[in-house]
Each structure stands twice: as C-alpha cells, then as structure tokens.
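# A look at the structure
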Amino acid sequence: MERSTATENILPMTSIRSGSGTEIAPDVYCYTVQVANVFFIGNPNISNEWVLVDAGMPRSAKKILKAAENRFGPDHQLKAIILTHGHFDHVGGLIDILEQHKVPVYAHPLEFSYLKGITDYPEPDTSVEGGMVAKMSKIFPTQAIDITAHIHELPSDGSVPEMAGWKWIHTPGHSDGHISLFREQGRILIAGDAFVTVKQDSLYKVLRQKKEIHGPPVYLTTNWRAAWESVCKLADLQPSIAATGHGKPMTGALLAKGLVDLAENFQTTAVPAYGKYVHTK
Ligand SMILES: [Zn+2]
Ligand SMILES: [Zn+2]
C-alpha cells in the first residue's frame, strides 16, 4: 500500500547498485548481463523464493545464478521462469539454469516454436536502417532452443504464476508472442523489447547507456504495425517505472513523456525508413 505513492520518489531511495544490478522496488531487481536485462522478482527480506524474468545473453547462467545467490542467499529457491519472448538474448542462460533448477518456464504459445526447437528466429534484418548494431546482428544466433520438457503456456486469465499482483499483457510486434508484465502496486512495467530505454541501433549509445525511450530493436522486429499498437497499450497503462530488455530502468516525467512521444510519433521515430520487415501502410 505505502508503495503505491508517486514512484518517481521511490526509485532514488530504493535504487541500490550492486555489481550491475538495480533494485527498482524491494521485490524487483534488474540485473544486467552484458547488454541484456533479466529480473529477479521476490523480496529477499521476506523469503528466499524468487522468479526469474528472461534469461539473458548466451552463457550468462553462471552470472545470473551468482547474482541470485548474493541477493537471496546460497539456498535460494527459484520457483519459475517467465519469458517476455524467445529471442536469443532473452533465453541465453535458460538451458544451463534449467539443468540446476528444474522449474517451469512460462511464455506465450506464439513463442513456443522458438522454445521447442521447431523454427529458428526470423533472420535478423541486417539491411534495415539503423547502423552498427543492425550490421552486427548477422552474427547473432538464430537457432531455436528446445526446452519442451519445461515450457508452459501463461494462464489465459492474465495472471502470472508465482508473481502475485502481476498481470501479463500480450504486446506483439517485436515478436508474435511478446508479452509485457505490469503490477498495479507501484505501477511497475517490465516491457521486454516492446520498447527499450537505450537506442539499440547506435553502438555508442548502447555502450554509454544513455537513458531515452525508443521503439523495439529494429533488426529483429517483424511487425511494425503490431509493435506500434503494443506501445500505445503500454503508454495507456501510465507506468511509474518501466524496465526494458535493454537499457536502464526509467521513471517519472522522463518515462511518461518519452512513452507518450513514442506512441504519438511511432511511425517517424521508431519505424525504420527501410528494411525487409518495413511495409509502410
Ligand atoms: Zn527481442
Ligand atoms: Zn532483446
């Protein structure tokens, strides 16, 4: 209850930097491995049980589990993993984590083909307008992983397993089964790659991590019309804090204005001028 006050005041107070993590609420911890964020849901002062949202870049399992140990103690108990979508930079540590922690993984069924080893990701569009990272994207892995034994559909009532008070929202566009997570208490949004808080197509800005709101990473987004509708849906939620798959968490006026600007000017600011998935309509 006390936490639902203007969250722009909460962030500086509870923002604790340890290694490359930021506590954005007592029970929401954003941990960055290389350039991708994962989230630990659970309050270490209350319980050693936690939920992982997304699983980072390839080979990041060790770092994620070490950070979890630091936060929840050596006998921490991972209860479930929730995926915003199935791209390689959000499932990279998954197989190694599941080897040690046999927990259910929840995702939208439209991502299942990437998670059951059925179809590879769409080829990243290296021709898309957007500079350096788009050009580098051809070295990104595109092969689907197979975690059939662990994967489950998110409940159709919008609830999120093991995450009381949270709702999942279908936010397609960047990928067909992309979801975002929102909690009314504190108005906290975890938006995956539906939008991001760092300009992914500028290597300089990725390294510098300058905070600004941008549309989804261009080289993997396959449906720009749906991506726009998803951004509008998320802007309508009027989150007080938003944390995305890439970039630093944002809060307050910078977030509110940035999100409304993005929704209003999506066609000109987010959709690239050219690219194989860009059909201007
Ligand atoms: Zn993605
Ligand atoms: Zn991503």
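Rules used in this analysis
Residues numbered from 1 in each chain as written. Chains lettered and ligands numbered in written order. Predicted model: local features only at pLDDT ≥ 70, side-chain atom pairs only at ≥ 80, totals over all residues. Heavy atoms only, no water. Helix = DSSP H or I, 4+ residues; strand = E, 2+ residues; numbered from the N terminus. Contact = heavy atoms within 4.5 Å. Buried < 20%, exposed > 50% of the residue type's maximum accessible area, 1.4 Å probe, protein only. Pairing = 2+ DSSP bridges. Donors = N, O, S within 2.8 Å, 3.2 Å for Na, K, Ca; no water. Tetrahedral: all angles 85-135°; square planar, octahedral: opposite > 155°, others 65-115°.

Relative to the helices and strands, Glu 153 resides in strand E8 (residues 151–153). Residues Glu 153 and Phe 112, spaced 41 residues apart in sequence, show a C-alpha to C-alpha distance of 8.7 Å. Apart from the residues within four sequence positions on either side, Glu 153 is in contact with Tyr 106, Ala 107, Pro 109 and Phe 112.

With six of six residues buried, strand E4 (residues 36–41) lies mostly within the body of the structure. Covered by surrounding structure in E4 are Ala 36, Val 38 and Phe 40 together with Asn 37, Phe 39 and Ile 41, the residues of both alternating faces. In this antiparallel pair of consecutive strands, strand E3 (residues 28–33) and E4, the connection spans two residues, and Gln 34 shows a positive phi of 50°. In the sheet, E4 pairs with strand E5 (residues 49–53) via three bridges, with the strands oriented antiparallel. Residue pairing across strands places Phe 39 opposite Val 53, the latter belonging to E5.

On to the coordination of the zinc ion (ligand 2). The protein atoms that coordinate the zinc ion (ligand 2) are Asp 89 (OD), His 90 (NE2), Asp 193 (OD) and His 246 (NE2), at distances of 2.1 to 2.3 Å. Around the zinc ion (ligand 2) sit four donor atoms; with metal-centred angles ranging over 82 to 154°, the donor geometry is irregular. The metal-metal distance between the zinc ion (ligand 2) and the zinc ion (ligand 1) is 3.4 Å, with Asp 193 serving as a donor to both. Here Asp 89 is found in helix H3 (residues 88–91), whereas its partner Asp 193 is found in the loop between strand E11 (188–190) and helix H7 (203–208), with 104 residues between them in sequence. With respect to class, Asp 89 is no different from Asp 193; both count as buried.

Right, let's get into the sheet that holds strand E9 (residues 166–170). Taken together, five strands build an open sheet; the order of strands is E9-E10-E11-E12-E13 and the sheet is mixed. If you trace the sheet from one side to the other, it starts and ends with E9 and strand E13 (250–251), each paired once. Looking at chain direction, E11 and strand E12 (residues 241–243) are connected through three bridges and run parallel. When the sheet's bridge partners are listed, Leu 189 is paired in E12 with Ala 242.

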